[in-house]
Amino acid sequence: MSDFREQALRYHAEPRPGKISIEISKAAETVTDLALAYSPGVAEPVREIAADPDNIYKYTAKGNMVAVISNGTAILGLGNLGHLASKPVMEGKALLFKRFAGLDSIDIEVSHRTTEEFITTVANIADTFGGINLEDIKAPECFEIEQELIKRCNIPVFHDDQHGTAIVTAAGLLNALEIQGKDIRKAIIVCMGAGAAAIACMELLIKCGAMREHIYMLDTKGVIHTRREDLNQYKQLCANNTDKRTLEDALQGADVFVGVSGPDVLPPAALSLMADKPVIFACSNPDPEIKPELAHAERGDLIMATGRSDYPNQVNNVLCFPFIFRGALDVRASVINDEMKLAAVQAIRAIAKEPVPQEVLLAAKVSSLEFGKGYIIPKPMDPRLLPRVARAVAEAAVSSGVARIPMPAAYFDA
Ligand SMILES: NC(=O)C1=CN([C@@H]2O[C@H](COP(=O)(O)OP(=O)(O)OC[C@H]3O[C@@H](n4cnc5c(N)ncnc54)[C@H](OP(=O)(O)O)[C@@H]3O)[C@@H](O)[C@H]2O)C=CC1
Ligand SMILES: CC(=O)C(=O)O
Ligand SMILES: [Mg+2]
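Residue numbers run consecutively from 1 along every chain, following the written order of its sequence. Note on labels: chains are lettered from A, ligands numbered from 1, in written order. Local features in a predicted model are, by the rule used here, given only for residues with pLDDT of at least 70; side-chain atom pairs are given and counted only at 80 or more, and totals for whole chains, interfaces and linings are based on all residues.

Novice: Hey, could you run me through the site of ligand 2 in this one?
Specialist: Any residue whose backbone-placed C-beta atom lies within 6 Å of a molecule or strand is treated as near that molecule or strand. Close to ligand 2 lie Leu 76, Asp 136, Asp 160, Asp 161, Asn 285, Gly 307, Asn 316 and Asn 317. In terms of residue class, the shell around ligand 2 is built from one nonpolar, four polar and three charged. Polar here means any residue other than Ala, Val, Leu, Ile, Met, Phe, Trp, Tyr, Cys and Pro, which are nonpolar, and Asp, Glu, Lys and Arg, which are charged; Gly is therefore polar.

The following block contains the structure:
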């Protein structure tokens, strides 16, 4: 067994299995404590909530709690390995919610026969939580699941692989293009993958200025073009009216490659087909579409990012989901809308242009970080992400009319 594999398994197994636990937040030592926490005291908040459901936010943990829910149909880039196998990833997302945004989070892995059964299961338990983070659910089912749950639930429902990934990709790409001296409105973009992450990334890039006709998406059968007859309704919307058919056709003169597909699908030699100063985001986890060392060996003028923590430029939805939910829950937003997503893009990208605090350098184990080819996007452990992204998101929720309470005073004290 490799050292790293052994270390990863031991991390998950010891000293107790898993990565999260639940802690109590009130005293429960004396007879008085128990009388308050349980019977008879607990009857009082029960009566208050029965009289006014909004009191649930006053007397329970709902308002600070996010459920991470999966069916395991697209676990990272490992594929459809089932709901049980998804649990380490979902516990990991719960860990990140707590570590980076102080949000209590619990993972829920759902076994189901039909899409409707999954939707009903989640809708029926949604009221327990302040928000629902859907994770690692494959396309095309993920689109119907998210849309239907947004309709049926009174709390924000957010498919992280779609929108978290799209927000971070847009923030990183806008910065990378700026460094390369390119304009997103003119950029030719090749997207490997046409699933949950890919479609959401391209749609958000279009909202950030990219031209739909400059985007070439590929799935396992090649370029998504208008003459294909095997496209589902979501891929049809991404079809380009082009004669390009292969990855090599699409890469000819392209400025950007975004990979949200699977490991090692971008041959290093194909990079030579791209325009000067290209941007390569190989975001498949855990193994990127191309290894950074191979890409850098092929040409010296590119900017390279992956989804991983152990290379520079980590384009990963961890830079978004803890903070967007923090902002959304703090103003009790009913949904996470485009205004909130675009506010998150701008807040994340702005941080990368500012001097990096010493504690981030220490945590990242580097001596310096400066906005440029090797540092296009903040590190996940940057303490500025929480106040800045959450505040931008909360303000966008208030100004777009989806917040149910005003901005908390704490944001103005920070
Ligand atoms: N860095 C990050 O933050 C994130 C990275 N990702 C990564 O993106 C990838 C996809 O995730 P997600 O969108 O949720 O999964 P989906 O199952 O929804 O989509 C996968 C897509 O990739 C395509 N694909 C798979 N293998 C190939 C290949 N060899 N060549 C071309 N296309 C291929 C599939 O094609 P077809 O439609 O033909 O089946 C499908 O369109 C994963 O590797 C995941 O780790 C996802 C979210 C966040
Ligand atoms: C990072 C992530 O959510 C994924 O790879 O699926
Ligand atoms: Mg995921």
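Structure shown, so let's carry the discussion forward.
Novice: Would you explain the packing of helix H6 (residues 115-125) against helix H7 (residues 141-152) in this entry?
Specialist: A pair of packed helices can be characterised by two numbers: the angle between their axes and the separation between those axes. Every angle, taken between N-to-C directions, lies between 0 and 180 degrees, and every axis is a line fitted to C-alpha atoms, over only the stretch in contact when it is a helix. Secondary structure elements are defined from DSSP: runs of H or I of at least 4 residues count as helices, runs of E of at least 2 residues count as strands, and each element is numbered from the N terminus. Direction vectors running N to C along H6 and H7 enclose 35°, while the axes themselves pass 10 Å from each other. You can see that H6 and H7 cross each other, and the crossing is right-handed. Residues Thr 115, Phe 118, Ile 119, Val 122 and Ala 123 of H6 form the contact with H7, whose own contacting residues are Glu 141, Glu 144, Ile 145, Glu 148, Leu 149 and Arg 152. Taken together, the residues of the contact of H6 with H7 sort by class into six nonpolar, one polar and four charged. Left-handed is the label given to a crossing in which the near helix is rotated counterclockwise from the far helix by less than a right angle, and right-handed is the label when the rotation is clockwise. We call two residues in contact if the C-beta atoms placed from their backbones are at most 7 Å apart.

Novice: Explain the pairing of strand S8 (residues 256-259) here, please?
Specialist: A regular strand places its side chains on the two faces of the sheet in alternate fashion. Every second residue of S8 is oriented toward a common face, with Val 256 and Val 258 on one face and Phe 257 and Gly 259 on the other, all of them buried. The sheet contact formed by strand S5 (residues 189-192) and S8 spans four bridges and is parallel. What sits directly across from Met 192, in S8, is Gly 259. Sheet topology places S8 next to strand S9 (residues 279-282); four bridges connect them, and they run parallel. Within S9, the position partnered with Phe 257 by the bridge is Ile 280. Three exposure classes are used, based on other C-beta atoms lying within 10 Å of a residue's own C-beta, which is placed from the backbone: buried for 20 or more, exposed for 12 or fewer, and partly exposed in between. The pairing criterion is simple: DSSP has to find at least two bridges between the two strands.

Novice: Help me understand the pairing of S9, please; the structure alone is not making it clear to me.
Specialist: Residue alternation in S9 divides its side chains into two sets, Val 279 and Phe 281 and Ile 280 and Ala 282, and both sets are buried. Here the term right-handed applies to a crossover when the path leading from its first strand over the helix to its second strand runs clockwise, the strands being oriented away from the viewer. Remark: the S9/helix H12 (residues 292-298)/strand S10 (residues 303-306) crossover connection has right-handed handedness.

Novice: What exactly am I supposed to notice about the UniProt feature "domain: Malic enzyme N-terminal" (unreviewed entry) in the protein chain here?
Specialist: UniProt positions are given in the numbering used here, feature names are shortened, and annotations may be inferred rather than shown by experiment. Per the UniProt record, "domain: Malic enzyme N-terminal" (unreviewed entry) is found at residues 17-150. Annotated as 42% helix and 12% strand, the span residues 17-150 places its first and last C-alpha atoms 34 Å apart.

Novice: How should I be thinking about the domain arrangement of the protein chain in this particular structure?
Specialist: It is common to report an interface's size as the accessible area lost on association of the parts. Under the domain assignment, the protein chain is made up of domain 1 (3-25 + 61-155) and domain 2 (162-414). How far each domain reaches was decided by an automatic or database domain assignment. One C-alpha centre belongs to domain 1, the other to domain 2; they are set 22 Å apart. With 21 residues of domain 1 in contact, the opposing surface of domain 2 contributes 24 residues. Broken down by secondary-structure element, the contributors of at least two residues to the side of domain 1 that touches domain 2 are helix H5 (87-101), strand S3 (131-134) and H7. Top contributing element to the side of domain 1 that touches domain 2 by residue count: H5, with four residues. When its residues are assigned to classes, the side of domain 1 that touches domain 2 shows 13 nonpolar, seven polar and one charged.

Novice: Which parts of the structure should I look at to understand the sheet that holds strand S1 (residues 65-70)?
Specialist: Neighbouring strands of a sheet are bound in pairs by backbone hydrogen bonds; such pairs are parallel or else antiparallel. Spatial ordering of the open sheet is given by S2-S1-S3-S4, a layout of four strands whose pairing is parallel. Of all strands in the sheet, those with a lone pairing partner are strand S2 (104-109) and strand S4 (157-159), marking the two edges. With direction set aside, neighbouring strand axes in the sheet form an average angle of 20°. Two strands pair when backbone bridges link them, and S3 and S4 are joined in this way by three bridges, in the parallel orientation. Residue Asn 133 lies in a different strand from S4, and its bridge partner there is Phe 158. Of the strands in this sheet, S3 and S4 touch helix H8 (residues 160-180), which is tilted by about 75° from S4. Contacting S1 and S3, helix H13 (residues 321-330) runs over the sheet at an angle of about 160° to S3.

Novice: What's the story with the nonpolar core in this structure? I'm lost.
Specialist: Soluble globular proteins tend to bury their nonpolar side chains together. Ranked by internal contacts, the top residues of the largest apolar core, which has 118 residues, are Ile 189, Cys 201, Ile 324, Ala 344 and Val 393. When residues are assigned to domains, this core turns out to be shared by domain 1 (3-25 + 61-155) and domain 2 (162-414), each giving three or more. Look past the residues within four positions of Val 393 in its chain and what remains in contact with it is Phe 323, Ile 324, Gly 327, Ala 328, Met 340, Ala 343 and Ala 344. We define the nonpolar core as any set of buried residues of the types Ala, Val, Leu, Ile, Met, Phe, Trp, Tyr and Cys, connected via C-beta atoms lying within 7 Å of each other.

Novice: So what exactly am I meant to see when it comes to the sheet that holds strand S7 (residues 222-223) here?
Specialist: On the basis of which strands lie adjacent, the open sheet formed by six strands has the order S7-S6-S5-S8-S9-S10 and mixed pairing. At either end of the open sheet lies a strand with only one pairing partner, and these are S7 and S10. As judged from the four bridges shared by S9 and S10, these two strands associate in the parallel manner. In the sheet register, Ala 282 faces S10, and the bridge partner there is Thr 306. Lying on the sheet, helix H9 (residues 196-207) is in contact with S5, strand S6 (215-219) and S8; it crosses S5 at an angle near 160°.

Novice: For this particular structure, what's the right way to read the site of ligand 1?
Specialist: The immediate surroundings of ligand 1 are formed by 29 residues, with Gly 77, Gly 195, Asp 219, Ser 284 and Gly 307 found nearest. Elements with a contribution of two residues or more to the shell around ligand 1: H8, H9 and S6. At three residues, the largest contribution of residues to the shell around ligand 1 is made by H9. Each residue belonging to the shell around ligand 1 can be placed in one class, and the counts come to 13 nonpolar, twelve polar and four charged.

Novice: Would you take a moment to explain H6 for this structure?
Specialist: In an α-helix, one turn spans 3.6 residues, which is why side chains three or four residues apart end up on the same side. For H6, the complete set of buried residues consists of Phe 118, Ile 119 and Val 122. Seen along its axis, H6 keeps its buried residues to an arc of 95°; they face one direction. Away from its buried face, by an angle of more than 90 degrees, H6 presents the exposed residues Glu 116 and Asn 124. In this structure, the buried side of H6 is in contact with S1, S3 and H7. The arc in question is the one spanned by the directions pointing from the helix axis to the C-beta atoms.

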